[in-house]
Amino acid sequence: MYTGLKKLENVTSREFTSIRGMNNRKKINKVWRFLLENGTKREIILEQYPNLEPNKSYIFAAYHSFDEDVISILSKIDRNAYVLNGSTDQLEHNPAMIALWLNGMIYVNRLDEENRDMSIFKMERVIHNGNSVMLFVGGGYNNTENKLIPPPFNGASILSHNTNSLVLPTISFNDFGSDKIYIKVGEPLPLFNYDIYEASDILRDEMATILYEMVSEHTEFIKRDELTNQMFQVIYDETMKKKGDLERIINLPKDPRVYWMEMRKMVYECQKWYNDVWHEELTEYEGHNVTSPTKMREYIDNININHNNVKILADVLVRREEDKYFDMENYMRNNIKLHKDFTRILKKS
């Protein structure tokens, strides 16, 4: 299916929306929010919302976390907000994008630097007209298993600097299997008072604090081993349901990170038109001047040893070889245990 919105991929900051279109979206916003709320599958509960100036433009900084996060937030904020959309595949094929266009949408090709710059100009135009903007600053779902909010992309901070607009940390939360959506919007942040990277750090901390409060209030804490077992059971059930490759599951190391990524991938694969938002280079920003452990290991493994550097690097290279050995040993140990667990589950079924 084609949505007819492909033309939005190449329009300028003046062509993507009209002044009349922006004004009409403000006028119909109350009705539109009512339709959105009644179009969700779950109950939406607004737990916190600041006292905002009626006709002022704001930047809503949100984070993707479940399938109805966009529609649920739009239904509860008290004004029209154009949504920054970075999924080309969905724009061209997903019928829901027509509804997003009706709400107000700004398309950005995240792989094209010129198009990314153009999206900033488009958001500035929306704000200068008196409408608001909503950005999902993570670029996609949180694919980490132990970070509440990974480092956000800097779009909200840049836009705040360029327009002197306040930024609202916005969190939507839906626990796995729950029929309730909880939403909290934090107090407006004057991120334009800080440099871009410090502003993004402040935003991340505010969002993480709000999310931690919601997780603490609306979920039960469990042990890591219990989480691993639950994730394996979900993967197993989904694979059996789809008559998938059970051999692939057997060979998964019993590691929370591996299981978490397998579950995250299932969330994407069960939905259509998500091909271009699964790739981590689009949905994971490591932060300013931050080198990940993975990149450090890759760098060490590619070092060419010679008589000039061998004395300096000897201890580092020995430790790296020890890490490789223990990683393989743990993999084999966990894999043997996983075979036993899988055999036990098969016998029960």
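Notes on the structure follow.

Reading guide: rules and limits
Residues numbered from 1 in each chain as written. Predicted model: local features only at pLDDT ≥ 70, side-chain atom pairs only at ≥ 80, totals over all residues. Heavy atoms only, no water. Patch = residues over 30% accessible without salt bridge, like charges linked within 9 Å, V, L, I, M, F, W, Y side chains within 5 Å. Areas by Shrake-Rupley, 256 points an atom, 1.4 Å probe, with all protein chains shown as cover. Salt bridge = Lys/Arg side-chain N within 4 Å of Asp/Glu carboxyl O. Helix = DSSP H or I, 4+ residues; strand = E, 2+ residues; numbered from the N terminus. Buried < 20%, exposed > 50% of the residue type's maximum accessible area, 1.4 Å probe, protein only. Lys, Arg positive; Asp, Glu negative; His and termini not counted. Charge placed at Lys NZ, Arg CZ, Asp CG, Glu CD. Phe/Tyr/Trp six-rings, centres within 6.5 Å; stacked < 30°, edge-to-face > 60°. Contact = heavy atoms within 4.5 Å. Axes fitted to C-alpha atoms, helices over the stretch in contact; angles between N-to-C directions. Parallel < 35°, antiparallel > 145°, perpendicular 65-115°, else oblique. Left-handed = near helix turned anticlockwise from the far one by under 90°. Nonpolar A, V, L, I, M, F, W, Y, C, P; charged D, E, K, R; others polar. Arc of directions from axis to C-beta. Pairing = 2+ DSSP bridges. Core = buried A, V, L, I, M, F, W, Y, C linked by side-chain atoms within 4.5 Å. 1 Å grid on protein atoms, 1.4 Å probe; cavity = no way out; pocket = protein on both sides within 12 Å on 5 of 7 lines; lining within 4 Å. Points joined across faces, edges and corners; volume = space filled by probe spheres on them.

As for a nonpolar patch on the surface
Working step 1: Together, Val31, Phe34 and Leu35 make up a nonpolar patch on the protein surface, roughly 320 Å² of accessible area in all.
Working step 2: The topology assignment puts Phe34 in helix 2 (residues 29-38).
Working step 3: Phe34 sits in the exposed class, given a relative accessible area of 54%.

Considerations on a negative patch on the surface
Working step 1: Taken together, the side chains of Asp112, Glu113, Glu114 and Asp117 define an acidic patch exposed on the protein surface.
Working step 2: Locating Asp117 in the fold gives a position in helix 6 (residues 113-128).

Some points on the environment of Gly139
Working step 1: Structurally, the position occupied by Gly139 is in strand 5 (residues 132-141).
Working step 2: In sequence terms Gly139 and Ser87 are 52 residues apart; their C-alpha atoms lie 9.5 Å from each other.

Thoughts on the packing of aromatic side chains
Working step 1: Following the criterion strictly, the structure yields three aromatic pairs and no others.
Working step 2: Between Phe232 and Tyr236 the ring centres are 6.4 Å apart and the planes differ by 25°, which places this aromatic pair in the stacked class. Here the residue Phe232 and the residue Tyr236 both occupy positions in helix 9 (residues 224-241), the gap between them amounting to four residues, near one helical turn.
Working step 3: Relative accessible area serves as the criterion here: at 6%, Phe232 is assigned to the buried category.
Working step 4: Where Phe232 meets Tyr259, the ring centres are 5.9 Å apart and the plane angle is 25°; that geometry is what we call stacked. Linking Phe232 in helix 9 with Tyr259 in helix 11 (residues 256-269), this pair joins segments that are 27 residues apart in sequence. Side by side, Phe232 and Tyr259 carry an identical accessibility label, which is buried.
Working step 5: Linked through ring pairs, Phe232, Tyr236 and Tyr259 together constitute an aromatic cluster.

So, the side chain of Glu9
Working step 1: Of note, Glu9 is situated in the segment before helix 1 (19-27).
Working step 2: Using a relative accessible area of 11% as the deciding quantity, one classes Glu9 as buried.
Working step 3: Excluding residues that lie within four positions of it along the chain, Glu9 makes contacts with Thr88, Leu91, Glu92, Tyr107 and Asn115.

Observations concerning the packing of helix 6 against helix 7 (residues 155-163)
Working step 1: Axis separation between helix 6 and helix 7 bottoms out at 10 Å; the angle between their running directions is 50°. With respect to their mutual orientation, helix 6 and helix 7 come out oblique. Pair helix 6 / helix 7 crosses with right-handed handedness. Between helix 6, through Ile120, Met123, Glu124, Ile127 and His128, and helix 7, the contact on the second element is made entirely by Gly155, Ile158, Leu159, Asn162 and Thr163.
Working step 2: Broken down by class, the residue content of the contact of helix 6 with helix 7 amounts to five nonpolar, four polar and one charged.

Some words on helix 5 (residues 96-103)
Working step 1: Turning to helix 5, its buried residues are Met97, Leu100 and Asn103. Here the buried residues of helix 5 occupy an arc of 105° about the axis, which is enough to place them on one side.
Working step 2: On the buried face of helix 5, the contacting elements are helix 1, helix 2, helix 3 (69-76), strand 3 (81-85), helix 4 (88-93) and strand 4 (105-107).

Examining the sheet that holds strand 5
As a general point, the strands of a sheet are linked pairwise by backbone hydrogen bonds and lie either parallel or antiparallel.
Working step 1: Taking strand neighbours across the sheet as the criterion, the seven strands line up as 1-7-6-2-5-3-4 in an open arrangement whose pairing is mixed. On the outer flanks of this sheet lie strand 1 (43-48) and strand 4, each paired with one strand and no other. On average, each strand axis in the sheet is tilted by 25° relative to the strand beside it, whichever way the strands run.
Working step 2: With four bridges connecting them, strand 6 (residues 167-173) and strand 7 (residues 180-185) associate as antiparallel partners. What sits directly across from Thr170, in strand 7, is Val185.
Working step 3: Against the sheet, helix 6 contacts strand 2 (59-64), strand 3, strand 4 and strand 5, and its axis sits at roughly 160° relative to strand 4.

Observations regarding the nonpolar core
Working step 1: Among the nonpolar cores identified, the biggest contains 60 residues, and Phe60, Leu74, Met134, Val137 and Leu203 are the most heavily contacted of them.
Working step 2: Those residues in contact with Val137, other than ones at most four positions away along the chain, are Ala61, Ala62, Tyr63, Pro152, Phe153, Ala156, Leu203 and Met207.

Re unusual backbone geometry
What is expected of a backbone is that most residues other than glycine have negative phi and most peptide bonds are trans.
Working step 1: Non-glycine residue Asn164 carries a positive phi angle of around 55°.
Working step 2: Assignment of secondary structure puts Asn164 in the loop between helix 7 and strand 6.
Working step 3: Relative accessible area serves as the criterion here: at 55%, Asn164 is assigned to the exposed category.

Some words on the layout of surface pockets
Working step 1: When its volume is computed, the largest pocket comes out at roughly 1800 Å³.
Working step 2: Asn174, Asp175, Phe176, Trp260 and Arg264 are, among the 45 residues lining the largest pocket, the residues nearest its centre.
Working step 3: Those elements that provide at least two residues to the lining of the largest pocket are strand 2, strand 6, helix 8 (196-218), helix 9 and helix 11.
Working step 4: In the lining of the largest pocket, the residues fall into 22 nonpolar, twelve polar and eleven charged.

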